[in-house]
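# Descriptive analysis of the structure
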Amino acid sequence: MTELALRHATYEDLLKVPDNLVAELIDGELYTSPRPGRDHARTSSVLGARLTPPFDIGDGGPGGWWIIDEPELHLGRHALVPDLGGWRRERTPEYPNTSGCEVPPDWVCEVQSPGTARIDRVKKLPIYAEHAVQHIWLIDPATQTLEVLRLEEGRWVIAGNYGGDDVVRAEPFEAIELALSALWIEPAAK
Amino acid sequence: MTDLVLRCATYEDLLKVPDHLVAELIDGELYTSPRLAPRHSNVMTLLGSDLNVRFQRGRGGPGGWWILDMLQLRLAAESLVPDIVGWRRERLPNLPDTATIDVAPDWVCEVQSPSTALFDRVKKLPVYAGQGVQHVWLVDPAVRTLEVLRLENRRWILLGNYSDDDIVRAEPFEAVQIELGALWIDGPAS
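As the structure is a computational prediction, the values presented were derived from the model and not from experiment. (Residues numbered from 1 in each chain as written. Chains lettered and ligands numbered in written order. Predicted model: local features only at pLDDT ≥ 70, side-chain atom pairs only at ≥ 80, totals over all residues.)

This part is about the confidence of the model for chain B. Residue and element names in this part refer to chain B. On average, residues of chain B carry a pLDDT of 92, and 98% of them reach 70 or more. Mean pLDDT values over the elements of chain B span from 90, in strand β1 (residues 3–6), up to 98, in strand β7 (residues 84–88). Scored as a complex, the prediction yields pTM 0.91 and ipTM 0.86. (pLDDT = per-residue confidence, 0-100. Helix = DSSP H or I, 4+ residues; strand = E, 2+ residues; numbered from the N terminus.)

Of the residues lining the interface, 23 residues belong to chain A; the matching set on chain B comes to 19 residues. Elements with a minimum of two residues in the side of chain A that touches chain B: α3 (117–130), β10 (145–152) and β11 (155–163) of chain A. The leading source of residues in the side of chain A that touches chain B is β11 of chain A, at 7 residues. (Contact = placed C-beta atoms within 7 Å.)

For the rest of this paragraph, the subject is the nonpolar core. Of all hydrophobic cores here, the largest spans 51 residues; its most connected members are Leu 47, Val 108, Cys 109, Val 136, Trp 137 and Val 139 of chain B. The element best represented in this core is helix α2 (residues 38–56) of chain B, accounting for 5 residues. (Core = buried A, V, L, I, M, F, W, Y, C linked by C-beta atoms within 7 Å. Buried ≥ 20, exposed ≤ 12 C-beta atoms within 10 Å, placed from the backbone.)

Turning next to helix α3 (residues 117–130) of chain B. An α-helical turn contains 3.6 residues, so any two residues separated by three or four positions project in the same direction. Residue and element names in this part refer to chain B. Across its 14 residues, α3 extends 19 Å between first and last C-alpha, which sits within 8% of the 20 Å expected from 1.5 Å per residue. Of all 14 residues that make up α3, 11 are buried, and the element is covered over most of its length. Those residues of α3 that sit buried are Ala 117, Leu 118, Phe 119, Asp 120, Arg 121, Val 122, Lys 123, Lys 124, Leu 125, Val 127 and Tyr 128. Phi turns positive one or two residues past the end of α3, at Gly 132, with a value near 80°. (Expected span 1.5 Å × (residues − 1).)

Moving on, we come to the sheet that holds strand β12 (residues 155–163) of chain B. Pairing is mixed across the open sheet formed by 12 strands, whose spatial order is β4(A)-β7(A)-β8(A)-β9(A)-β10(A)-β11(A)-β12(B)-β11(B)-β10(B)-β9(B)-β7(B)-β4(B). Of all the strands in the sheet, the pair left with one neighbour each is β4 (65–69) of chain A together with β4 (65–69) of chain B. Taken over all neighbouring pairs, the strand axes of this sheet differ in orientation by 20° on average, direction set aside. Note that strand β9 (residues 107–111) of chain B and strand β10 (residues 135–140) of chain B share 5 bridges and pair parallel. Paired with Trp 107 of chain B across the strands is His 135 of chain B, a residue of β10 of chain B. The sheet strands contacting helix α2 (residues 38–57) of chain A are β4, β7 (84–88), β8 (107–111) and β9 (135–140) of chain A, and the helix crosses β4 of chain A at an angle near 160°. On top of the sheet, α3 of chain B reaches β9, β10 and β11 of chain A together with β9, β10, β11 (145–152) and β12 of chain B; it is set at about 120° to β11 of chain A, its chief contact. (Pairing = 2+ DSSP bridges. Axes fitted to C-alpha atoms, helices over the stretch in contact; angles between N-to-C directions.)

Turning to the pairing of β12 of chain B, a few remarks are in order. Across a regular strand the side chains alternate sides, sitting on one face of the sheet and then on the other. Sheet topology note: the β11 of chain A/β12 of chain B ladder contains 2 bridges and is antiparallel. If you follow Trp 156 of chain A over to β12 of chain B, its bridge partner there is Leu 158 of chain B. Count of turn residues in the β11 of chain B/β12 of chain B antiparallel hairpin: 2 residues, of which Asn 153 of chain B carries a positive phi of about 50°.

Cis geometry marks the peptide bond from Glu 171 of chain A to Pro 172 of chain A; its omega dihedral reads -5°. In this fold, Pro 172 of chain A is placed in the loop between β12 (167–168) and β13 (178–179). For the peptide bond that leads from Glu 171 of chain B to Pro 172 of chain B, omega is 0°, which places it in the cis range. The backbone phi angle of Gln 144 of chain A is positive, close to 60°, even though this residue is not glycine. Looking at the secondary structure, you find Gln 144 of chain A in the loop between β9 and β10. The exposure class of Gln 144 of chain A is buried, given the 26 C-beta atoms found within 10 Å. Phi is positive for Glu 153 of chain A, close to 50°, though the residue is something other than glycine. Turning to its location among the elements, Glu 153 of chain A is positioned in the loop between β10 and β11.

Another aspect to go through is the pairing of strand β3 (residues 29–34) of chain B. All names here are of chain B. Looking at chain direction, β1 and β3 are connected through 3 bridges and run antiparallel. Its bridge partner lying in β3, Leu 4 is registered against Tyr 31. Relative to β3, strand β2 (residues 21–26) is paired through 6 bridges, and the arrangement is antiparallel. Residue Ala 23 lies in a different strand from β3, and its bridge partner there is Thr 32. If you look at the hairpin formed by β2 and β3, you'll find 2 residues sitting between the two strands, and Asp 27 has a positive phi there, around 60°.

Moving on, we get to the environment of Glu 177 of chain A. Residue and element names in this part refer to chain A. Summarising the element assignment, Glu 177 is placed in the loop between β12 and β13. For Glu 177 and Asp 166, which are 11 residues apart along the polypeptide, the C-alpha to C-alpha distance reads 10.0 Å. Leave out the neighbours within four places in its chain, and Glu 177 touches Val 167 and Arg 169.

Set out below in structure tokens:
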């Protein structure tokens, strides 16, 4: 469960949060979330492992990206920690500063838990739009869904909704086929 | 849980589904869902009646709509039962006497549960887009969120995400304010 820990918080307050919690600062409010549960961890781990070889290392795919787990993003006065972030190297040649990156990523993946869906959709999506993140993936292991959002003229367009055992080519990683069933611990819904 | 019970199904198959299940036919596939849980039913009743009073009866709102619950839509080959539907009266001057309606609604609200989210997003949203439904609201009582989608060029634009006790003006009902906090059975989050 994501909790609002402090209003009128500063980055100094964020630094005091114990390491066993993920801390985020949105609109001056400090939010803390427990480390991911098993469904969440599975999804995030497998997706990172699936995207990193083809898109970061260039093994079995085009490369050209930095794919990073839980980067801390400093976007304006907000500090956000998505589950995965991706930067196109043509735009960000240097490896991003993972503990306070001020260059917005090109792609973000938020793996949702029942306690984080509200924050992810209501609070974070407008911030990512404002900072021109081009694609967001929202993945919910509980419902086995992947929602792909693309930024167009400052607004989120639903580029696709997938789920269960779908095999997808999803922006911006349409160069590979991704079998969603690998992301879920439970058997995939048909 | 929404179950896929039959592929290559027809409308005759749908008619054989027992009354205690909600039956829907999409792309030749027959799906059944249990009747609503109280938390889900509560949102549907409160939101549906609020919008009905203000947009159908015109009390405290402009009127000009039909707002109805749990109607069976027959749109081309598909048969769907959204939780709440609305038609602008200029498009549907009179309600038919038949059990089903074959005019695509202007607005649809799906109240989600973890077991229907995949079905609602992955299967139903593309059907609504294909039939030209202009707005879809997705309400999730478990996490107390409202997501508002608008169709543009046959794609869904994410207009807004709201939660908890937000006071909302959302298309196509932006003429009035809606207090989201009133919809949740256990009140707004603290």
